[in-house]
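Structural description and commentary
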Amino acid sequence: MNRERYIDIVKGLSILCITFLHYEQGILPSTINVFIGSFMITAFYVTSGWVSAMNPSQRTLKELIKRRWKQLGIPYLWWTAIILVFDFILLGFGYYDILYIGREVYKTITLRGIGTLWFLPALFGGEIIWHWLKKQNKVWVIVVALVITIIYKQYYIQILGNKTETIYRIIDAPFRSVSNILGAWIGIAFGYYAYSILKNNILKAPELLLAAIGLTCCVFAFITANYLPPILSPLWSFLAPLFGPLGLLLLAKSAQQSRALDYFNYWGLNSLNLMVTHYSIILVLFTIIIKNGFDQPFYGWITIICFILSLPIQHLLVFVVDKYAKFTLGK
């Protein structure tokens, strides 16, 4: 199946949003921050389900695991090793301590992942769950799985979600991994059903109508991300994080031929590279330079400047990795 440009555009926008919010400190209004945070991760789950629905061939579970192990599992291992080597270098300079390294190793083992690497096992596990549920072809099985997911995530938040003590963070790691995986399959299922429902009517609509529907979904997502009544707060995860990506997909499809979106398309094609390198390597270096080199807090407009300066470096990393180390990305 050929890659659809509008899907890569949405993935590119989302990974740039992830990167931007990791840099940005104290600039964005809280409503914008919450809205971006609501869709930037789930967009990858929704697009995964969307692509699955576009592909008529039905892989076996074994085929799915083999394929996604190469695309997600191998990068998880390689980039864990690379980041740990980087951490040990900083340990040698006194920036980290051995306890920090131990926590990084522990998070790796429990699939909590170092930095943004948690996303890879979450997507991997979510796709396996959704593949199994879809194969059952029974609505009640999906409903039961949804209820179990909601109950688990609610109890997880109540028991461990707001704890900051070290012992609780240690206990939290494996349970957080399960929570991430359970959250992923819901986004994947939503993307799968959204494409299946819309493919024969909405997705074939004129571009202007497609854009209007997409914009409506985004406005709905913004409102539900920020202004949902407290009584409806348990529904938050099923509104903004799902309808935001859907709106972006429709908007991107309506304008996918525009050359103005080439930059987002580029990062959509290279989203894994940006995801695994920006947070635990490039952002760390910028933070050290600002705090230790310039004796300034990493806060305010300087974080935006660092984000802008980081992008050419990220482009260089794409070139270097694609030329010399594609295998680290499962290619």
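In this report, the structure presented in the accompanying data block is examined. All values reported here derive from a predicted model rather than from experimental measurement.

1. Looking at the overall build of the chain
Regarding its fold elements, the chain presents 13 helices and zero strands. Each helix and strand of the chain, placed in order from N terminus to C terminus, yields the pattern α-α-α-α-α-α-α-α-α-α-α-α-α. Its C-alpha atoms give the chain a radius of gyration of 20 Å, near enough to 20 Å, the size a compact globule of 331 residues would have. Summarising its shape, the C-alpha atoms of the chain cover approximately 60 × 45 × 45 Å along the three principal directions. When each of the 331 residues of the chain is scored for burial, the buried share is 48%. The long-range share in the chain, meaning contacts at least 24 apart out of those at least 6 apart in sequence, stands at 80%. Accessible area of the chain: about 17000 Å², with a carbon and sulfur share of 69%.

2. Details of the pattern of salt bridges
For the structure on display, the rule yields seven salt bridges. Close ionic contact of Lys331 with Asp322 constitutes a salt bridge, the shortest N to O distance being 3.9 Å. A network of salt bridges, in which partner residues are shared, links Arg5, Arg259 and Asp262.

3. Description of the side chain of His278
Looking at where His278 falls in the secondary structure, it is placed in helix 12 (residues 271-293). Look at His278 and you get buried, because its relative accessible area is 0%. A distance of 2.8 Å separates the side chain of His278 from the backbone oxygen of Leu274, its partner in a polar contact. Apart from residues lying up to four places away in sequence, His278 is in contact with Ile18, Thr19, His22, Tyr23, Thr116, Leu283 and Gln314.

4. Here's the deal with a nonpolar patch on the surface
On the surface, Tyr106, Ile167, Tyr168, Ile170, Ile171 and Phe175 cluster together into a nonpolar patch covering about 510 Å² of accessible area. When residues in the nonpolar patch are grouped by element, the largest group, five residues, is from helix 8 (residues 166-198). Structurally, Tyr106 can be placed in helix 5 (residues 98-109).

5. Side note on unusual backbone geometry
Residues other than glycine seldom take positive phi values, yet Leu111 does so here, at roughly 65°. Turning to its location among the elements, Leu111 is positioned in the loop between helix 5 and helix 6 (119-136). Assessed through its relative accessible area of 38%, Leu111 is described here as partly exposed.

6. Points about the nonpolar core
With 90 residues, the main nonpolar core has Tyr45, Trp50, Phe119 and Trp185 as its most contacted residues. The contacts of Tyr45, once residues within four sequence positions are left out, are Trp118, Phe119, Ala122, Leu123, Asn180, Gly183, Ala184, Gly187 and Ile188.

7. Quick notes on the environment of Ile197
Within the secondary structure, Ile197 sits in helix 8. Expressed as a C-alpha distance, the spacing of Ile197 and Ile167, which sit 30 residues apart in the sequence, is 46 Å.

8. Some points on helix 12
Along helix 12, the sharpest kink reaches roughly 60°, centred on His278. Of all the 23 residues making up helix 12, 17 are buried; the element is thus mostly covered by neighbouring parts of the structure. Residue Asp295 follows helix 12 closely and has a positive phi angle near 55°.

9. Points about the packing of helix 4 (residues 61-92) against helix 12
Relative to each other, helix 4 and helix 12 sit at 10°, their axes nearing to 10 Å. With respect to their mutual orientation, helix 4 and helix 12 come out roughly parallel. Residues Gln71, Pro75, Trp79, Ile82, Ile83, Phe86 and Leu90 of helix 4 lie in contact with helix 12, whose contacting residues are Leu272, Val276, Thr277, Ser280, Ile281, Val284, Leu285 and Ile288. Residue composition of the contact of helix 4 with helix 12, grouped by class: 12 nonpolar, three polar and no charged.

10. Some thoughts on helix 4
In this model, helix 4 (32 residues) spans 44 Å end to end at C-alpha, consistent with the 46 Å of a helix rising 1.5 Å per residue. Taken as a whole, helix 4 carries its principal kink of about 50° at Trp69. One or two residues past the end of helix 4 sits Gly94, with phi positive at roughly 85°.

11. Topic: the packing of helix 1 (residues 5-23) against helix 3 (residues 42-54)
In the contact formed by helix 1 and helix 3, the axes pass within 10 Å of each other and the chain directions differ by 165°. In terms of orientation, helix 1 and helix 3 fall into the roughly antiparallel class. Considering how the two elements wind past one another, helix 1 and helix 3 form a crossing that is left-handed. For the pair helix 1 and helix 3, the contacting residues are Tyr6, Ile7, Val10, Lys11, Ser14, Ile15 and Ile18 in the first and Ala43, Phe44, Thr47, Trp50, Val51 and Met54 in the second.

Cut-offs and rules
- Residues numbered from 1 in each chain as written.
- Predicted model: local features only at pLDDT ≥ 70, side-chain atom pairs only at ≥ 80, totals over all residues.
- Heavy atoms only, no water.
- Helix = DSSP H or I, 4+ residues; strand = E, 2+ residues; numbered from the N terminus.
- Rg over C-alpha atoms; globule rule 2.2 N^0.38 Å.
- Buried < 20%, exposed > 50% of the residue type's maximum accessible area, 1.4 Å probe, protein only.
- Contact = heavy atoms within 4.5 Å.
- Areas by Shrake-Rupley, 256 points an atom, 1.4 Å probe, with all protein chains shown as cover.
- Salt bridge = Lys/Arg side-chain N within 4 Å of Asp/Glu carboxyl O.
- Polar contact = N/O pair within 3.5 Å; in protein donor to acceptor, adjacent residues only side chain to side chain.
- Patch = residues over 30% accessible without salt bridge, like charges linked within 9 Å, V, L, I, M, F, W, Y side chains within 5 Å.
- Core = buried A, V, L, I, M, F, W, Y, C linked by side-chain atoms within 4.5 Å.
- Bend = angle between axes of the 7 residues up to and from the residue.
- Axes fitted to C-alpha atoms, helices over the stretch in contact; angles between N-to-C directions.
- Parallel < 35°, antiparallel > 145°, perpendicular 65-115°, else oblique.
- Nonpolar A, V, L, I, M, F, W, Y, C, P; charged D, E, K, R; others polar.
- Expected span 1.5 Å × (residues − 1).
- Left-handed = near helix turned anticlockwise from the far one by under 90°.

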